[in-house]
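Single-letter residue listing:
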Amino acid sequence: MATERTEQQVGIPVGGGFAVDGDLALPPGARLVVVFAHGSGSSRHSPRNRAVAAALRTAPLGTLLLDLLTPGEEAVDDLTAEHRFDIPLLAGRLVAAVDWLAARPDTADLPVGLFGASTGAAAALRAAADRPDRVRAVVSRGGRPDLTGDEALERVRAPVLLLVGGLDTEVLRLNRAAAGHLTAPHTVTVVPGASHLFPEPGALQRVADAARAWFLRPGGAAAEERPGRTP
C-alpha cells in the first residue's frame, strides 16, 4: 500500500524511446490512484485539474497528473494543433500510464480511476475500454465523450460519471448522446449555473466533491441521469 506523502515528478515510457512527464502523489492509505487527462491545449499543470487532485488526495486517493504529449509533440501541436484531437494517441498515453502504475511496487495493488476534462475525457473512456481489469471508475468534467467512438463507449465496463455545466448546453447535449452508447453504469450530472470551465464560485468544488464520491463508491453509480440536476 502507498506511503508517500509528497508529490514526485516521474517519467512514463510511452514507446519508441519516448516518455511523458507526470506528477505522482500517494497519500498514506490511498485506496485508488486517479490518473488525470487534461483537455486540448492544456498540460499536467492545469489549475482546474490540480485543484480537483488536491481535493481527492484528502479522501485519501492517490493522483497522477501527466502530460499526454512529449515535449517535441507539444511544440508541433502548438503550431498545428494536430495532436490535441488525436484521441487514439492520447488514449494510448493513458493506457501506458495505467500499465506503468501496475508495474510499480507501490501502486501495483491499487486500482485506477480516470479523470478526463474536455478531449481528455474521450481519451479516458477509450483507455478504460482497453484496460477493463485495471480501471475502476471514470469521471468526465466538461468532457467530449462523443469523440471516444461508439464502439469504445460500448466496451467501457467501469462506472462513468459525466459532469457538465448547466450553461454548457452544446456539451451537455453531446454528453447525453454519448451516454446512450454506454453499457456500463453511468450518470450525467448537471452542475447548475456552471459554464464549460466551471469558473463560477463553488462550481469546481462541486466537481471535486462529486468526483471524490464517485471514486470512493464506484459500485454505487446509478445507470440514469440524477433527478433534479437538469435546469
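Just so it is clear, the structure is predicted and the values come from calculations on it, not from any experiment. Along each chain, the written sequence defines residue order, and numbers are assigned to residues from 1. Reporting of local features is limited, given that this is a predicted model, to residues whose pLDDT is at least 70; pairs of side-chain atoms are given and counted only at 80 or more, and all residues count toward the totals for whole chains, interfaces and linings. In computing side-chain values, all of the structure's heavy atoms are included and hydrogens and water are not.

**Thoughts on the confidence of the model for the protein**
Mean pLDDT over the protein works out to 89, with 91% of the residues at or above the 70 mark. Each residue carries a pLDDT value, the predictor's own confidence for that position, ranging from 0 to 100. Strands here are runs of E lasting at least two residues and helices are runs of H or I lasting at least four, both read from the DSSP assignment and numbered beginning at the N terminus. Averaged pLDDT values for the elements of the protein fall to 82 in helix H2 (residues 71-80) and rise to 98 in strand E7 (residues 160-165). Long-range and interchain partners of residues 1-5, a stretch whose pLDDT sits below 50, account for 20 contacts in this model, where long-range means more than four residues apart. What makes two residues a contact is simply this: any of their non-hydrogen atoms within 4.5 Å.

**A look at the pairing of strand E8 (residues 186-191)**
Relative accessibility thresholds used throughout: buried, under 20% of the residue-type maximum; exposed, over 50%; partly exposed, between the two (1.4 Å probe, protein chains only). Within E8, six of the six residues are buried, which leaves it mostly tucked inside the rest of the structure. Side chains His186, Val188 and Val190 project from E8 onto one buried face, and the interleaved Thr187, Thr189 and Val191 project onto a second face that is buried too. Pairing geometry for E7 and E8, over six bridges, is parallel. Bridging from a neighbouring strand, leucine 162 pairs with valine 188 of E8. Here a strand pair is declared whenever DSSP counts at least two bridges between the two strands.

**A few points about unusual backbone geometry**
Looking along the chain, the bond that leaves alanine 59 and enters proline 60 is cis, with omega of 0 degrees. Along the chain, proline 60 falls in the loop between helix H1 (47-57) and strand E4 (62-66). Located in the positive-phi region is serine 118, a residue other than glycine, with phi close to 55 degrees. Counting through the fold element by element, serine 118 comes out in the loop between strand E5 (112-117) and helix H4 (119-130). On the basis of relative accessible area, serine 118 is assigned to the buried category, the value being 17%. Even without a glycine there, the phi angle at phenylalanine 198 is positive, about 55 degrees. When you line up the elements, phenylalanine 198 lands in the loop between E8 and helix H7 (203-216). We classify phenylalanine 198 as buried; its relative accessible area is 3%.

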